[in-house]
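# Observations on chain architecture
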Amino acid sequence: MMNWWDRTTIDSNCYDIERLAVPMLFDHVLKTEGTVHEKSWVDLSFDDAQVRTCLETLGFRRCSTQHTDDGSSNCDYVGAHGFVHLNLSPLNENNSIRAYVLREDVLAQLSEAVKAARREGGTRVFMLKQERDELRFSQNALRESTFEPGNYSEAVVKQYAFVRSVLAAKEPLGRLILLNGEPGTGKSHFIRALLTELRKTVAFCAIPPSFVEELTGPALIGAVDNFRTWHSRGPFAAVIEDADVCLVRRSSDNISVIAGLLNMTDGLVGEIIDARIIATTNAKKLEIDPALLRPGRLAVQIDFEKLDEARANAVLERLGVKERVSKPTTLAELYARAAEKETP
């Protein structure tokens, strides 16, 4: 507990009243005798979008943002109720908040917002969603996963390392990664392993198929630009599952989608935001638009197939299942048999 009149500099690393960028917002606070309630939250993983929405609802407005070389962001919010400083680490791994407010009820509301926004455990991935009249990215927890070579063919195992290099490269050979295969062949597990392994260096963002048409449109570009303000480290990797309609030859009903993909994979927009696109399809054979397959756009196309009898039985043995198969089988079917074994 402290009084504003007794402290001109709240924190040398956080905020200096004498250097306030927009003094009119805080002028009446400085002239008001009152007790300031102080609280800090450190080393948290939370959805900063939820916290910023709460601050805006409470009447706070961002007055400054600074980016550091390591990808962190320092943001100052001021309003009639006080001052809040956010330190956002790359990919929201270790965020901190420091609040100085005049009213306890305002501090209580902010505390509830931080509590609600916290993400415990798991790998964090962002998802594009519609909020009121704009597109925004929200942070979500995803179950961590490691890549299990025994779950895939030798060809897919070799491609996993190459995909990692494409996602991390400063100048990738292509920005589009295609994963083809019928449901249950391990595409989602493949992606989840990448998310887990590269979560500190790549910003993974899930884009629902319904939003794909917005690619390179003003709404999505604005959302990505805002996202980059808060998460500036590493490539921006858009994950689009069940993207069949986005990849087939251009027709009247998907020409804008294809155009968006082309701009993201081999255009100025893709280069500026350092984009990668991981797209999955459930089709065994898909007549993909030839423009997407050109060198410089397509980095790799991986076919996920049923595991042959020998590899499928090796998976069952590893999972502790005595039963064996006599034909090619999907990974999902094998894990389902293991789950049945564990069910009492």
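Quick note: structure is the one above.
Note that the structure is a prediction, hence the values are computed from the model and not measured.

### Notes on the overall build of the protein
Helices and strands together make up the secondary structure of the protein, namely eleven helices and 15 strands. Scored against the burial criterion, the 344 residues of the protein give a buried share of 49%. In the protein, of all internal contacts separated by at least 6 residues, the share reaching a separation of at least 24 is 69%. About 17,000 Å² of surface is accessible on the protein, with carbon and sulfur atoms providing 49% of the total.

### Structural notes on the packing of helix H2 (residues 48-57) against helix H3 (residues 104-117)
The N-to-C vectors of H2 and H3 enclose an angle of 160°; their axes lie 8 Å apart at closest approach. Overall, the two elements H2 and H3 adopt an arrangement that is roughly antiparallel. For the pair H2 and H3, the sense of crossing is right-handed. Contacts between H2 and H3 involve Gln50, Val51, Cys54 and Leu55 on the former and, on the latter, Gln109, Leu110, Ala113, Val114, Ala116 and Ala117. Tallied by class, the residues present in the contact of H2 with H3 amount to eight nonpolar, two polar and no charged.

### What about the packing of aromatic side chains?
Taken as a whole and assessed by the stated rule, the structure comprises eight aromatic pairs. Three or more aromatic residues joined by ring pairs make a cluster, and in this case those are Phe147, Tyr152, Tyr160, Phe190 and Phe304.

### Topic: unusual backbone geometry
Non-glycine residue Asp242 carries a positive phi angle of around 55°. The residue Asp242 is located in the loop between strand S13 (236-240) and helix H7 (244-247) in this model. Of the residues examined, Asp242 reaches a relative accessible area of 43% and is grouped as partly exposed.

### What about H3?
Look at H3: 20 Å from first C-alpha to last across 14 residues, which is about the 20 Å you get at 1.5 Å a residue. Taken together, the buried positions of H3 are occupied by Val106, Leu107, Leu110, Ser111, Ala113, Val114 and Ala117. Looking straight down H3, one finds its buried side chains confined to an arc of 160°; they lie on one side. Looking at H3, the residues exposed on the side facing more than 90 degrees away from the buried face are Glu104, Glu112 and Lys115.

### A closer look at the environment of Ile177
Looking at the element boundaries, Ile177 is found in strand S11 (residues 176-180). Judged by its relative accessible area of 0%, Ile177 is buried. Separated by 102 residues in sequence, Ile177 and Ala279 place their C-alpha atoms 6.2 Å apart. Non-local contacts of Ile177, meaning those with residues more than four positions away in its chain, are made with Val163, Val166, Leu167, Ile277, Ile278, Ala279, Ala299 and Val300.

### Remarks on helix H10 (residues 309-318)
Inspection of H10 places Ala312, Asn313, Val315 and Leu316 among the buried residues, and these make up the whole buried set. The buried side chains of H10 occupy one side of the element, clustering within an arc of 150° when seen end-on. Exposed residues pointing more than 90 degrees away from the buried face of H10 are listed as Ala310 and Glu317. Of the residues trailing H10, Gly320 is marked for its positive phi of about 80°.

Each value, and the rule that gives it
Within every chain, residues take consecutive numbers counted from 1 along the sequence as written. For a predicted model such as this one, the threshold for reporting local features is a pLDDT of at least 70, and the threshold for listing and counting side-chain atom pairs is 80 or more; totals across whole chains, interfaces and linings nevertheless cover every residue. Note that the side-chain values use all heavy atoms of the structure and ignore hydrogens as well as water. The numbering of helices and of strands both runs from the N terminus, where a helix is a DSSP run of H or I of at least 4 residues and a strand a run of E of at least 2. Each residue is assigned to one of three classes by its accessible area relative to the maximum for its type, calculated with a 1.4 Å probe on protein chains only: buried under 20%, partly exposed between the two thresholds, exposed over 50%. Pairs of residues are marked as contacts when any of their non-hydrogen atoms sit within 4.5 Å. The Shrake-Rupley method, run with a 1.4 Å probe sphere, supplies the accessible areas, and residue values consider only the shown protein chains as cover. Geometry is summarised by axes, namely lines fitted to C-alpha atoms with helices restricted to the contacting stretch, and by angles between N-to-C directions that run from 0 to 180 degrees. Each angle gets one of four labels, with under 35 degrees taken as roughly parallel, over 145 as roughly antiparallel, 65 to 115 as roughly perpendicular, and the rest as oblique. Take the far helix as the reference: if the near one is turned anticlockwise from it by less than a right angle, the crossing is left-handed, and if turned clockwise, right-handed. Put simply, Ala, Val, Leu, Ile, Met, Phe, Trp, Tyr, Cys and Pro go in the nonpolar bin, Asp, Glu, Lys and Arg in the charged bin, and everything else, Gly too, in the polar bin. To pair, rings of Phe, Tyr and Trp, with the six-membered ring standing in for Trp, must have centres within 6.5 Å; the planes then decide the type, stacked if under 30 degrees apart, edge-to-face if over 60, and tilted in the middle. What a helix is expected to span follows from its residue count: subtract one and scale by 1.5 Å. Taken from the helix axis, the directions to the C-beta atoms give the arc we talk about.

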